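Here is how the chains run, residue by residue.
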Amino acid sequence: RHAVCIFYLVLRALDTVEDDMTISLDVKVPMLQEFHSYLYQPEWKYMESKEKDRQVLEDFPTISMEFRNLSKVYQDVISDTCHKMGVGMAEFLEKKVDSEHEWDEYCHYVAGLVGIGLSRLFSASELEDPIVGQDTELANSMGLFLQKTNIIRDYLEDQLVGREFWPKEVWSRYAKKLSDLAKPENIDMAVQCLNELITNALHHVPDVLTYLSRLRNQSVFNFCAIPQVMAIATLAACYNNKQVFRGVVKIRKGQAVTLMMDATNIQAVKAIMYQYVEEIYQKIPSTDPSSNKTQQVIASIRAMSLPSGSKASHHHYSPIYLSCAMLLAALSWQYLSTISRATEEYVQAGEN
């Protein structure tokens, strides 16, 4: 628990540097590249940030002290991940996300590495088998699925602050500038672009299901599964939805609580994935340029979700359990939305 919490705070601090548009590149680039070394500098902190999460930089000595109190095996994973992420972030500050390959590369640096780092922590703790930490491809897909969902959903928010993460190779087929997709007269092309990117993201779902099927510890499973089901629900809400270019698309709080309660085992997660890809399938326009690809990836997810050929039910709780779980979910909502970035971003339950 401590290792995961410190890992989160260290990366939250690193991400705050990357997100801060007020820090000049000549300061930001070396900061990102050297950030891992600050973990071993007891006095290092940064007081100039204007970001909402600047406290993690201003109080960094508290975080780095707790980091140095962790077992060396955890320190090594966190420091190594922080180093690779900082170098990757610095690289993409100075270049745009052009190709789909570069989109995967950027998402690897900012999220895939988180999935890999967490997996290494799970294995180092012996809560999970060594294979979980060793299979970096599956762990990377866990991160890519979440990050691509964020990027797709946050189109308008990113446009408003001058950030662009949609790959040019895709959006240039639909508009001359990425910002043009927000213009009412371009809405049909914008939605087609959106659907193509959602189709791209769905290709990670089979890896996600394989990864989750290997987990043995209940707490680790819940921790990993909840953001993934939030992501598929978010993509289903965004698919073929013009609102992505007009405002915020988010899943309802009640829907989020249900997902959190249900995603407790692999069969339940497969049933949830099946439910939401079916929802997407029903919305595929026959005229959509990506319709065949979308149908194909959904077919592959269906095949993995329902090996027995019949829909698994995830409504298997007794009324007393449901009552207790609903109460627990309500009581823990504020706590979860504070500590879990994934839950905060998918549910958008409001700022901390």
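No experiment lies behind these values; they were computed from the predicted model shown. (Residues numbered from 1 in each chain as written. Predicted model: local features only at pLDDT ≥ 70, side-chain atom pairs only at ≥ 80, totals over all residues. Heavy atoms only, no water.)

The subject of this paragraph is the overall build of the protein chain. Check the secondary structure of the protein chain and you find 18 helices and 0 strands. Per-residue burial over the protein chain gives 53% buried out of 352 residues. Accessible surface for the protein chain amounts to roughly 16,300 Å². Of this, 53% is attributable to carbon and sulfur atoms. (Helix = DSSP H or I, 4+ residues; strand = E, 2+ residues; numbered from the N terminus. Buried < 20%, exposed > 50% of the residue type's maximum accessible area, 1.4 Å probe, protein only. Areas by Shrake-Rupley, 256 points an atom, 1.4 Å probe, with all protein chains shown as cover.)

On average, residues of the protein chain carry a pLDDT of 90, and 87% of them reach 70 or more. Every residue in residues 309–321 is under pLDDT 50, and counting partners more than four places away or in other chains gives 17 contacts. (pLDDT = per-residue confidence, 0-100. Contact = heavy atoms within 4.5 Å.)

Here we take up empty space enclosed by the protein. All told, the structure shown has 1 cavity of 30 Å³ or more when counted by the stated rule. Surrounding the largest cavity, Ile-151, Tyr-155, Asp-158, Gln-159, Arg-163, Glu-164, Phe-165, Trp-166 and Leu-178 form its lining. When the residues that make up the lining of the largest cavity are grouped by side-chain class, the tally is 5 nonpolar, 1 polar and 3 charged. (1 Å grid on protein atoms, 1.4 Å probe; cavity = no way out; pocket = protein on both sides within 12 Å on 5 of 7 lines; lining within 4 Å. Points joined across faces, edges and corners; volume = space filled by probe spheres on them. Nonpolar A, V, L, I, M, F, W, Y, C, P; charged D, E, K, R; others polar.)

What follows is about the layout of surface pockets. Of the voids in this model, the second largest pocket is the one considered here, and its volume is about 360 Å³. Residue lining of the second largest pocket: 15 residues in total, with Phe-92, Leu-93, Lys-95, Glu-164 and Phe-165 positioned closest to the centre. Going through the elements one at a time, helix H1 (2–19) and helix H5 (72–93) are the ones with two or more residues in the lining of the second largest pocket. Residues belonging to the lining of the second largest pocket are distributed by class as follows: 6 nonpolar, 1 polar and 8 charged.

Enumeration according to the criterion identifies 13 aromatic pairs in this entry. With centroids separated by 5.9 Å and ring planes inclined at 80°, the aromatic side chains of Trp-166 and Phe-245 adopt a geometry described as edge-to-face. Residue Trp-166 is located in the loop between helix H9 (155–160) and helix H10 (168–171), and its partner Phe-245 is located in the loop between helix H13 (218–238) and helix H14 (253–262); the two are separated by 79 residues in the primary sequence. Note on Trp-166: relative accessible area 3%, which makes it buried. With relative accessibility at 3%, the residue Phe-245 sits in the buried group. (Phe/Tyr/Trp six-rings, centres within 6.5 Å; stacked < 30°, edge-to-face > 60°.)

Time to look at the pattern of salt bridges. Taken as a whole and judged by the stated rule, the model has 18 salt bridges. Asp-76 is the salt-bridge partner of Lys-72, the closest N and O atoms lying 2.7 Å from each other. Highlighted residues: Lys-72 and Asp-76, both in helix H5, separated by 4 residues, approximately one helical turn. By relative accessible area, Asp-76 is classed as partly exposed at 34%. Glu-91 serves as the salt-bridge partner of Lys-95, at 2.9 Å between the closest nitrogen and oxygen. Each member of the salt-bridge network shares a partner with another, and the members are Arg-12, Asp-15, Asp-19, Lys-52 and Asp-53. (Salt bridge = Lys/Arg side-chain N within 4 Å of Asp/Glu carboxyl O.)

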